[in-house]
Structures are given as structure tokens and as C-alpha cells.
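Letter by letter, the chains look like this.
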Amino acid sequence: MGLLNGEQAIIAILANVFFIGISFYALQAIMIEKVIKKKRVFQAQLFYILASILIGSTVANFFLNLTAWSNQLQYLFN
């Protein structure tokens, strides 16, 4: 039996938060300070946050879709 809607929502929220955190951590390795104009610190921080959300949500959706599709493979063989 599949997961209930509440369980799917919790897993989706946790996956998104996890991958957004991972992508924020990974983006800090990029030396974007050399490209950003002086006195534009807030814009640089906002860019890091938005890029982290974009990348993290995309990766989380990929893994959630992959999990859902792998659960549906059982119907191919029944």
C-alpha cells in the first residue's frame, strides 16, 4: 500500500529543506565575490538564497519523482 497524503507531504517538505540546505552549502564554494559589485552584499546574499531554493527544489523533485516512479514499476509486472 502506498503512502498516505500526509506522509507524502512530510517527506516532500523534508526533502526540499534538506536539498535546499545542501545546495546552499555547495554554493558557498563558488567565489562569486569577485563578480559582485562593491556595496551589493544584500543582493549577493539574496542571490545565494534564491539559487539555493531553485537548485534544491529541482533536485528534491527529481528524487521524489524517481521514488514515485520506482514504486509504480510493480504495476508493470503484475
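Residues numbered from 1 in each chain as written. Predicted model: local features only at pLDDT ≥ 70, side-chain atom pairs only at ≥ 80, totals over all residues. Heavy atoms only, no water.

(A) Fine view of the environment of R40. Within the secondary structure layout, R40 lies in the loop between α1 (5-27) and α2 (41-72). Spatially, the C-alpha atoms of R40 and N65 are 37 Å apart, while their sequence positions differ by 25 residues. (Helix = DSSP H or I, 4+ residues; strand = E, 2+ residues; numbered from the N terminus.)

(B) A look at unusual backbone geometry. Unusually for a residue other than glycine, K39 sits at a positive phi of about 65 degrees. Structurally, the position occupied by K39 is in the loop between α1 and α2.

(C) The packing of aromatic side chains, seen in detail. Scanning all chains against the criterion turns up four aromatic pairs. Note on F19 and F63: the rings are 5.2 Å apart at their centroids and 5 degrees apart in plane angle, and the pair reads as stacked. With F19 in helix α1 and F63 in helix α2, this pair connects stretches of sequence that are 44 residues apart. Residues F62 and F63 carry aromatic rings whose centres are separated by 5.3 Å and whose planes lie at 75 degrees to one another, so their mutual orientation is edge-to-face. (Phe/Tyr/Trp six-rings, centres within 6.5 Å; stacked < 30°, edge-to-face > 60°.)

(D) Representation of the packing of α1 against α2 in the model. Their axes nearest at 7 Å, the elements α1 and α2 cross at an angle of 135 degrees. By the angle between their axes, α1 is oblique relative to α2. The two elements α1 and α2 meet at a crossing, and its hand is right-handed. Between α1, through I11, A12, A15, N16, F19, I20, S23, F24 and L27, and α2, the contact on the second element is made entirely by Y48, I49, A51, S52, I53, I55, G56, S57, V59, A60, F63 and L64. (Axes fitted to C-alpha atoms, helices over the stretch in contact; angles between N-to-C directions. Parallel < 35°, antiparallel > 145°, perpendicular 65-115°, else oblique. Left-handed = near helix turned anticlockwise from the far one by under 90°. Contact = heavy atoms within 4.5 Å.)

(E) Region of interest: α2. Taking 1.5 Å of rise per residue, the 32 residues of α2 would be expected to cover 46 Å, and the 46 Å separating its terminal C-alpha atoms lies within 8% of that figure. Looking only at α2, the buried set comprises A44, Y48, A51, S52, G56 and A60. In this structure, the buried residues of α2 make contact with α1. (Expected span 1.5 Å × (residues − 1). Buried < 20%, exposed > 50% of the residue type's maximum accessible area, 1.4 Å probe, protein only.)

(F) Fine view of the environment of I13. Its location among the elements puts I13 in helix α1. Residues I13 and Y75, 62 residues apart in the sequence, show an inter-C-alpha distance of 27 Å.

(G) Up close: a nonpolar patch on the surface. A cluster of nonpolar residues, F24, F42, L46, I49, L50 and I53, forms a patch on the protein surface that exposes about 550 Å² of accessible area. The leading source of residues in the nonpolar patch is α2, at five residues. For F24, a relative accessible area of 33% corresponds to the partly exposed category. (Patch = residues over 30% accessible without salt bridge, like charges linked within 9 Å, V, L, I, M, F, W, Y side chains within 5 Å. Areas by Shrake-Rupley, 256 points an atom, 1.4 Å probe, with all protein chains shown as cover. Salt bridge = Lys/Arg side-chain N within 4 Å of Asp/Glu carboxyl O.)

Functional significance is not addressed by these values, which are geometric in nature.
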